[in-house]
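Fold and geometry: a report
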Amino acid sequence: MGNAEYDDDEYPSSMRGENRKKHQVEIPPPQPFLKSLKNTVKETLFPDDPLRQFKNQPPLKKLKLGVQYVFPIFEWAPRYTFDFFKSDLISGITIASLAIPQGISYAKLANLPPILGLYSSFVPALVYAVMGSSRDLAVGTVAVASLLIGSMLGEEVNPTDNPTLYLHLALTATFFAGLFEAALGIFRLGFIVDFLSHSTIVGFMGGAATVVILQQLKGILGLDHFTQATDIISVLRSVFTQTHEWRWQSAVLGFCFLFYLLAARFFSQKRPKFFWVSAMAPLLSVILATILVYFTHAENHGVQVIGELKKGLNPLSITDLSFGAPYLSIAIKTGIVTGVISLAEGIAVGRSFAMYKNYNIDGNKEMIAFGMMNIVGSCTSCYLTTGPFSRSAVNFNAGCKTAVSNIVMALAVMVTLLVLTPLFHYTPLVVLSSIIVSAMLGLIDYNAAIHLWHVDKFDFLVCMSAYFGVVFASVEIGLVIAVALSLLRVLLYVARPRTLVLGNIPDSNIYRNVEQYPNTDTVGGVLILDIGAPIYFTNASYLRERISRWIDDEEDKLKSSGETLQYVILDMGAVGNIDTSGISMLEEVKRNLDRRDLKLVLANPGAEVMKKLNKSKFLETLGQEWIFLTVGEAVESCNYMLHSCKPKSGMDASFSNNV
């Protein structure tokens, strides 16, 4: 359109622009850089304002609150009752019956001595009871972390040929995992774990569970030699090239106990009041299998047994931590990877049960608690621990009230270490494999994958990429692929934000997406575009081209009706921030529109955007009068100019004279 000047004498005074109210879009007051930086850091690292409780408190009260913040046990212990203890006692004994066989099984999965699985259910549980904020989390070893330790360290050191070095590296990796977890909590960097999306975790856990199940074929079939690789091709090749070494006695025993474990779980799922049937099944399987092997001497007929387990509590292992070359890098790498995975699982499980019971847990405090229990654990012959779902679910269903259930479990494990370990001598390895397979089948959440397919195809792609990456390549590759795809999606959201054409909902002053609301009315001569994301260097060029394309499409559409496009309104409500590249993009858009005799109008810009547009002098270039508080006001003013004013010929428009 030609920029025309409008004659106020051509229309009634009641319709003149100066009598029509326009809400001013304010420019926020200037703020010192250090104060702005402080606010940004605060919002990034302290969104929950953890220091709020310390405000206006006397020194002794602050000291008390500080101790309770670091050690939550001092907060709830004064309110602890005998009724709570009865519930925690039952829960603790119940999860101990699950922790003992699982601990031994998962230690074997990590290629570590079985006794370390028992050690890891003793000291870390006591540390978490003092420092953890979840009432329902049951601490212990997990299959996925055990598999990661076994696969990553096994690439560098053979656990059979050099078991001492392998053990030292596993303890060192646990130390670095704890150090990393505690650092994330102390420096409030827990948002890093959020990069593991729900779809990533579903696919990764399912793939890891599949790999773990396949690896248990070694124990079920009684094989002496087995591949160290975790991919499905290597595992199946190792199984079917040794058919002459399969032991039917071991296979029959394994499948019988697997059937019993699955039947017990199915029964407990159908009748939740009998949760203890499933919880007690692993320990009962160990007891029955041990008795059977002892009286039948099955160890002489192809059934492998655990052998001797040392009696006594956790020996100190601080001197076993290995910080020297050449294996330090693999220990750090293993620690960080396993630490992130176990942290994500533990916090997700804790939050799930906390939400169900309507209380809150502090994610950063949980990270510190996990970190400290792994640091202390690495110095007391424990390997990586977290809050596994299966054990926590049993703890929850058993009616636990506080973290005392972890203390009861630790005491039960202590009694086992001091008195009962010789009884595990004849426990067959095949029953441990059956316990692992039973637990892992619950981690393959195909219902979640189907849900992802129906809701979001890209999330399903991420899930399947993680799954197949783990199953056909390795655990690390699957994790890297899934995280990379998740980050790619984040980048696509930032680099290719949605731009939508808005229309007016009839009989209202509301403007919405014309595709979502097909009954909306368009405003002749006005194109309204909604920018759906902050404008940064990553998307500035794309937005410039996309806006230009929208304008071309609108002009082509209007030509057929004999109308012309005159105003382009950008709804900036979703633009939370803008950088210098984004400002340059707006300047280019304005120059392009000026060449085409079109006018750029901004609606609903936020405080940060207004501040930067003002500092860059863009507001002076555009004109403050072309910025409106709402899309409705912007359309009303543009529509008023189009239909209520008669332009003088040969003169440039001055919209500012009429607003």
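Residues numbered from 1 in each chain as written. Predicted model: local features only at pLDDT ≥ 70, side-chain atom pairs only at ≥ 80, totals over all residues. Heavy atoms only, no water.

1. Some remarks on the nonpolar core
Counting residues in hydrophobic clusters, the biggest one holds 104 residues, and the most contacted among them are Leu148, Ile149, Phe204, Tyr383 and Met440. Broken down by element, the residue count for this core peaks at 10 residues, all from helix 14 (residues 328-357). Look past the residues within four positions of leucine 148 in its chain and what remains in contact with it is Leu153, Phe204, Val337, Thr338, Ile341 and Val475. Formed by 50 residues, the second largest nonpolar core is a distinct cluster that contains Tyr511, Leu529, Ile569 and Leu602. (Core = buried A, V, L, I, M, F, W, Y, C linked by side-chain atoms within 4.5 Å. Buried < 20%, exposed > 50% of the residue type's maximum accessible area, 1.4 Å probe, protein only. Helix = DSSP H or I, 4+ residues; strand = E, 2+ residues; numbered from the N terminus. Contact = heavy atoms within 4.5 Å.)

2. Quick notes on the sheet that holds strand 4 (residues 567-571)
Spatially, 2-1-3-4-5-6 is the arrangement adopted by the 6 strands of the open sheet, whose pairing is mixed. The sheet terminates laterally at strand 2 (511-513) and strand 6 (627-628), the two strands that pair on one side only. When strand 1 (residues 499-504) meets strand 2, the two strands line up antiparallel, connected through 3 bridges. Bridging across to strand 2, leucine 502 finds its partner in asparagine 513. Along the sheet face, helix 23 (residues 580-595) touches strand 4 and strand 5 (599-603) and points at about 140 degrees away from the line of strand 5. (Pairing = 2+ DSSP bridges. Axes fitted to C-alpha atoms, helices over the stretch in contact; angles between N-to-C directions.)

3. Let's talk about the pattern of salt bridges
Counting across every chain of the model gives 12 salt bridges. Lysine 86 is paired through a salt bridge with aspartate 83; the nearest N and O atoms lie 3.5 Å apart. Of this pair, lysine 86 and aspartate 83 are both found in helix 4 (residues 82-109), 3 residues apart, which corresponds to roughly one turn of the helix. For lysine 86, a relative accessible area of 43% puts it in the partly exposed group. (Salt bridge = Lys/Arg side-chain N within 4 Å of Asp/Glu carboxyl O.)

4. Details of the packing of helix 4 against helix 13 (residues 275-296)
Where helix 4 meets helix 13, the axes come as close as 8 Å, and the angle between the chain directions of the two elements is 40 degrees. Between helix 4 and helix 13, the interaxial angle falls into the category oblique. Taken as a pair, helix 4 and helix 13 cross one another with a handedness that is left-handed. Residue-level contacts link Thr94, Ser97, Leu98 and Pro101 of helix 4 to Phe275, Ala279, Met280, Pro282, Leu283 and Val286 of helix 13. (Parallel < 35°, antiparallel > 145°, perpendicular 65-115°, else oblique. Left-handed = near helix turned anticlockwise from the far one by under 90°.)

5. Notes on helix 16 (residues 389-397)
Regarding helix 16, the residues found buried are Arg391, Ser392, Ala393, Val394, Asn395 and Phe396. Buried residues along helix 16 sit in contact with helix 4, helix 13, helix 14 and helix 17 (404-420). Trailing helix 16 by a residue or two, glycine 399 shows a phi angle of about 90 degrees, which is positive.

6. Focus: the state of the cysteines
Following the criterion strictly, the structure yields 0 disulfides and no others. For cysteine 379, which is in no disulfide, the shortest distance to another cysteine sulfur is to cysteine 382 and amounts to 9.7 Å. Overall, the relative accessible area of 17% leaves cysteine 379 in the buried class. (Disulfide = S-S within 2.5 Å.)

7. So, unusual backbone geometry
One non-glycine residue, asparagine 111, lies in positive phi territory at about 60 degrees. Among the structural elements, asparagine 111 can be located in the loop between helix 4 and helix 5 (115-119). Here the phi dihedral of asparagine 358 falls at roughly 65 degrees; this positive angle occurs in a residue that is not glycine. Summarising the element assignment, asparagine 358 is placed in the loop between helix 14 and helix 15 (363-378).

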